[in-house]
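# Coordinate inspection notes
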Amino acid sequence: MKTDQIIALSQKYIMNTYPRMPVAPVKGKGCWLWDADGKKYLDFFSGLAVTNLGHAHPRVSYAISKQAGALLHVSNLFQIDHQAALAEKLCQNSFADKVFFCNSGAEANEAAVKLARKWGKTHKDPDCYKIITMEGSFHGRTLAMITATGQEKIKRGFEPLIPGFQYVPFGDIVSLKEKMDNTVCAVMIEPIQGEGGVRMASVDYFKELRSLCNEKRILLIFDEVQTGIGRTGTLFAYEQLGIEPDIMTIAKALAGGLPVGAMLARDFVADTFQPGDHAATFGGNPFVTFVASTVLETLFQERLLDNVREVGRYLRSGLEGLKKRYPFIKEVRGQGLLLGLELETEAKPLVMACLERGLILNAAQERVLRILPPLIVSKKEIDQGLKIMDEVFRGI
């Protein structure tokens, strides 16, 4: 089918929940995509930080083929070898002692909220169930997670919302401290607010947050759904903050494009869950966990975290150069290969202009260009992307 045929079918049969671009990718290789009409695109969006190893990575493709021919699914009522092996890898490379597997970031965050609430009620007080989140945050699209999200536009039309969430400004330790009473069981926060516009808070803020949680016996939950699996230059973004959370959620890039999420926790929290407290039918099946293990092995063996740090600095330097040339660029921010340009103009028209020239970017909020290349991206490909952005910006 050609692109116009695909668009027509989508408009007729698929619910209108996404503002879809007029592009229908049908093939990918590395950092590149080809659409149904044969046009080639440089992908600096990575399926929203999902395809961290790029498209059709040979090791991932081989793992998919191998495991598909062996075993796709068994119930979590059985022991699952690849699930156990992946859990070991995640725990050995993080703060965590235990893992719960699910299918998405929203599900991982739901699991974290349930675990935190049960821990609060079990170990502190029956009224200890509230969770503090940040203004500008994004935690998913389920009813509980739109409530947790600190953006009013996400919630409109879905009231009444779930009780038990409170919001404070991101990076404001004073406001946070004022909310930390005996009814609060946890604080949930993103190390970098991706959907919120690639917004960051200081290392000192996070260290104070950790100290306050320790002092008041409140759990610290890190939502690393977007920042995890190497996106910022370390396997997890918390590693660059000098602190550790008690619970962490990951998803997106964990299996290189297959749907899987995970909630990681320390033993003293994880032990609160007992059989029957939580479940996910497809969570951590043999297929996705084998592929996810391959993704982690590839990250380490191909030294891609080093590439993220080196090429991330190179990309940031190029973006700073664009900022010097174009006064409508207010700020370059982010870390590793999660970068954003805050603009004085609307971002979406620039996204569409870049798309016409063969570069895929994303608008986060109204005035931020979000740039998320695959972690395998080369400096040559960075130069190609910067050249297209320069051409587009010149016409503003």
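The structure contained in this document is the topic of the report that follows. All residue numbers refer to positions counted from 1 along the written sequence of the respective chain. Whole-chain, interface and lining totals are the exception, using all residues; otherwise, since this is a predicted model, local features are given only for residues with pLDDT of at least 70 and side-chain atom pairs are given and counted only at 80 or more. Side-chain numbers here rest on the full set of heavy atoms in the structure, without hydrogens or water.

Here is the rule: rings of Phe, Tyr and Trp (six-membered ring for Trp) pair when centre to centre is within 6.5 Å. Planes less than 30 degrees apart are stacked, more than 60 are edge-to-face, and the remainder are tilted. By the definition in use, this model includes 9 aromatic pairs. Geometrically, the ring pair formed by Phe206 and Phe222 is edge-to-face, given 5.8 Å between the ring centres and 75° between the ring planes. Linking Phe206 in helix α9 (residues 203-216) with Phe222 in strand β10 (residues 219-223), this pair joins segments that are 16 residues apart in sequence. We note that Phe206, like Phe222, is buried. Three or more aromatic residues link up through ring pairs in this structure, and these residues are Phe170, Tyr205, Phe206 and Phe222. Secondary structure elements follow DSSP: runs of H or I of four or more residues count as helices, runs of E of two or more count as strands, with numbering from the N terminus. Only protein chains enter the area calculation, which uses a 1.4 Å probe; residues under 20% of their type maximum are buried, those over 50% are exposed, and those in between are partly exposed.

One broad trend across soluble globular proteins is that nonpolar side chains are buried collectively. Only buried residues count toward a nonpolar core. Its members are Ala, Val, Leu, Ile, Met, Phe, Trp, Tyr and Cys residues joined through side-chain atoms within 4.5 Å. Counting residues in hydrophobic clusters, the biggest one holds 86 residues, and the most contacted among them are Leu176, Val187, Phe206, Leu209, Leu319, Met389 and Phe393. No other element matches the 8 residues that helix α11 (residues 286-301) contributes to this core. Any two residues having at least one pair of non-hydrogen atoms within 4.5 Å are treated as being in contact. Residue contacts for Val187: discarding those within four places in its chain leaves Ile132, Met134, Leu176, Met180, Leu209, Cys213, Ile218, Leu219, Leu220 and Ile221. With 27 residues, the next largest nonpolar core counts Phe100, Ile131, Ala186 and Ile247 among its residues.

For the rest of this paragraph, the subject is the environment of Gln274. Among the structural elements, Gln274 can be located in the loop between α10 (267-270) and α11. Along the sequence, Gln274 and Gly157 sit 117 residues apart, while their C-alpha atoms lie 35 Å from each other. Whenever two N or O atoms come within 3.5 Å, that pair is a polar contact, provided that in protein one can donate a hydrogen and the other can accept it, and provided that, for residues adjacent in sequence, both atoms are side-chain atoms. Of the polar contacts made by the side chain of Gln274, one reaches the backbone oxygen of Asp271; its length is 2.8 Å.

This brings us to the packing of helix α3 (residues 58-68) against α11. Relative orientation of the contacting elements α3 and α11 amounts to 155°, with a least axis distance of 9 Å. Overall, the two elements α3 and α11 adopt an arrangement that is roughly antiparallel. When the axes of α3 and α11 are compared, the crossing they make is right-handed. For the pair α3 and α11, contact is made by Arg59, Val60, Ala63, Ile64, Lys66, Gln67 and Ala68 and by Pro286, Phe287, Phe290, Val291, Thr294, Val295, Glu297, Thr298 and Gln301, respectively. In terms of residue class, the contact of α3 with α11 is built from 9 nonpolar, 4 polar and 3 charged. Helix axes are fitted to C-alpha atoms over the stretch in contact, other axes to C-alpha atoms as well, and angles between N-to-C directions run from 0 to 180 degrees. The cut-offs work like this: below 35 degrees is roughly parallel, past 145 is roughly antiparallel, 65 to 115 is roughly perpendicular, and the gaps in between are oblique. Working rule for handedness: look at the near helix, and if it is turned counterclockwise from the far one by less than a right angle, call the crossing left-handed; if clockwise, right-handed. Any residue outside Ala, Val, Leu, Ile, Met, Phe, Trp, Tyr, Cys, Pro, Asp, Glu, Lys and Arg is labelled polar, Gly included; the first ten of those are nonpolar and the last four are charged.

This brings us to the sheet that holds strand β2 (residues 32-35). Strand pairing in a sheet is mediated by backbone hydrogen bonds. Such pairs are either parallel or antiparallel. Sheet architecture is open: 4 strands sit in the order β1-β2-β3-β15, paired in mixed fashion. Each edge of the open sheet is held by one strand with a lone partner, namely β1 (25-29) and β15 (359-360). Strand pairing requires that DSSP identify at least two bridges connecting the strands.

This part covers the sheet that holds strand β13 (residues 329-335). Taken in spatial order, the 4 strands line up as β13-β14-β17-β16 in an open sheet, and their pairing is antiparallel. The open sheet has two edge strands with one neighbour each: β13 and β16 (362-364). Going across the sheet, the axis of each strand differs from the next one's by a mean of 30°, ignoring polarity. Pairing between strand β14 (residues 338-343) and strand β17 (residues 368-371): 4 bridges, direction antiparallel. Within β17, the residue paired with Leu339 across the bridge is Ile371. In this fold helix α12 (residues 304-325) packs onto β13, β14 and β17, with an angle of close to 170° to the strand it touches most, β13. Across the sheet, helix α13 (residues 348-356) is in contact with β14, β16 and β17; its angle to β16 comes to roughly 170°.

Between Lys or Arg on one side and Asp or Glu on the other, a salt bridge is scored when a side-chain nitrogen of the former is within 4 Å of a carboxyl oxygen of the latter. Here the structure, examined in full by the defined rule, presents 19 salt bridges. Across the salt bridge formed by Lys89 and Glu297, the nearest N and O atoms sit 3.4 Å from each other. Linking Lys89 in helix α4 (residues 81-92) with Glu297 in helix α11, this pair joins segments that are 208 residues apart in sequence. Residue class for Glu297 comes out partly exposed when judged on its relative accessible area of 29%. With a shortest N-O distance of 3.1 Å, Arg370 and Glu195 are connected by a salt bridge. In this pair, Arg370 sits in strand β17 while Glu195 sits in the loop between β8 (192-193) and β9 (199-200), placing the two residues 175 residues apart along the sequence. Residues joined by salt bridges that share partners form a network here, namely Arg210, Glu244, Asp246 and Arg266.

So, about the environment of Asp271. Positionally, Asp271 belongs in the loop between α10 and α11. A relative accessible area of 47% means that Asp271 is categorised as partly exposed.

On to unusual backbone geometry. The omega torsion of the bond from Glu159 to Pro160 falls at 0°, within 30 degrees of zero and hence cis. Looking at the secondary structure, you find Pro160 in the loop between α7 (152-155) and β6 (165-168). One non-glycine residue, Ala49, adopts positive backbone phi at about 65°. Position of Ala49 among the secondary structure elements: in helix α2 (residues 46-49). One non-glycine residue, Arg217, lies in the positive phi region at around 55°. With respect to the helices and strands, Arg217 occurs in the loop between α9 and β10. Among the residues examined, Arg217 registers a relative accessible area of 43% and is labelled partly exposed.

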